[in-house]
Amino acid sequence: MRRIWAPWRLEYILDEKKKGCIFCEKSKESKDVENYILLRGEKCLVMLNAFPYNNGHLMIIPYRHVGSIEDLKEDETREMMKLLSLMTVLLKKVMSPDGFNVGMNLGDVAGAGIMGHLHLHIVPRWKGDCNFMPVLSDTKVIPEALGQTYQKLKEGIDGNLGK
Ligand SMILES: [Zn+2]
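Computed from a predicted model, the values in this text were never measured in an experiment. (Residues numbered from 1 in each chain as written. Predicted model: local features only at pLDDT ≥ 70, side-chain atom pairs only at ≥ 80, totals over all residues.)

1. Details of the overall build of the protein chain
Check the secondary structure of the protein chain and you find 5 helices and 5 strands. Listing each helix as α and each strand as β along the protein chain from the N terminus yields α-α-β-β-β-α-β-β-α-α. Intrachain contacts of the protein chain at a sequence separation of at least 6 include 67% that bridge at least 24 residues. (Helix = DSSP H or I, 4+ residues; strand = E, 2+ residues; numbered from the N terminus. Contact = placed C-beta atoms within 7 Å.)

2. Considerations on the sheet that holds strand S4 (residues 99-103)
Strand order in the open sheet formed by 5 strands is S1-S2-S3-S5-S4, and the pairing between neighbours is antiparallel. Single-partner strands in this sheet number two, and they are strand S1 (37-40) and S4. For this sheet the average axis-to-axis angle between neighbouring strands, irrespective of direction, equals 20 degrees. Across 3 bridges, the pairing between S1 and strand S2 (residues 44-48) is antiparallel. Bridging from a neighbouring strand, isoleucine 37 pairs with methionine 47 of S2. Each of S2, strand S3 (58-62), S4 and strand S5 (120-125) is contacted by helix H3 (residues 74-95), which is oriented at about 20 degrees to S5, the strand it contacts most. (Pairing = 2+ DSSP bridges. Axes fitted to C-alpha atoms, helices over the stretch in contact; angles between N-to-C directions.)

3. Structural notes on the pairing of S5
For S5, the buried fraction is high: 5 of the 6 residues fall into the buried class. Bridging between S3 and S5 involves 3 bridges; their strand directions are antiparallel. Paired with leucine 58 across the bridge in S5 is isoleucine 122. As paired elements, S4 and S5 share 5 bridges and run antiparallel to each other. Residue pairing across strands places asparagine 101 opposite valine 123, the latter belonging to S5. (Buried ≥ 20, exposed ≤ 12 C-beta atoms within 10 Å, placed from the backbone.)

4. Side note on unusual backbone geometry
In the Ramachandran plot, tyrosine 36 falls in the positive-phi region, its phi being about 60 degrees despite a non-glycine side chain. Tracing the chain through its elements places tyrosine 36 in the loop between helix H2 (22-28) and S1. By the C-beta count within 10 Å, which is 21 here, tyrosine 36 ends up buried. Unusually for a residue other than glycine, serine 96 sits at a positive phi of about 45 degrees. Mapped onto the fold, serine 96 is located in the loop between H3 and S4. Classification of serine 96 as exposed rests on a count of 9 C-beta atoms within 10 Å.

Here is the structure:
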């Protein structure tokens with residue numbers, strides 16, 4: 001079976017024309033629900049991917065505009081991993097996936113959609129989910145599904161994980 005791991009594609013196509021860094025912009029705005037920001041830590045935030053490759057596709061993003069892993073500070077790396085662990089627990093609890101893809105696309109050649117601001121993708125996977133991927137990539141279907149996913153995960157955080 002061919003591995004499907006291309007969450008950057010749509011993001012890249014759709015954000016290409018925008019100026020500036022949408023991660024920096026969104027993190028400064030105070031409309032977390034509209035921006036699908038699920039959780040704010042001290043150094044990083046967790047956001048739903050607006051162009052998800054699968055249900056529950058999350059990104060962990062440092063507040064600081066950093067493009068390379070080696071430029072991350074130790075406390076940023078630590079919180080990123082801590083949030084990764086926390087979000088894995090949350091997704092398991094709320095969405096019962098069979099597995100996860102976790103990774104970063106660093107640099108143009110690797111398919112980074114948002115240049116210059118690294119982010120860690122967490123994509124929950126279910127057995128057989130490749131079959132409905134094309135449906136999920138339809139931008140008309142996503143906004144409603146995103147809102148529902150956001151709500152479910154938010155409730156999961158408030159109910160079980162605390163802050
Ligand atoms: Zn940025």
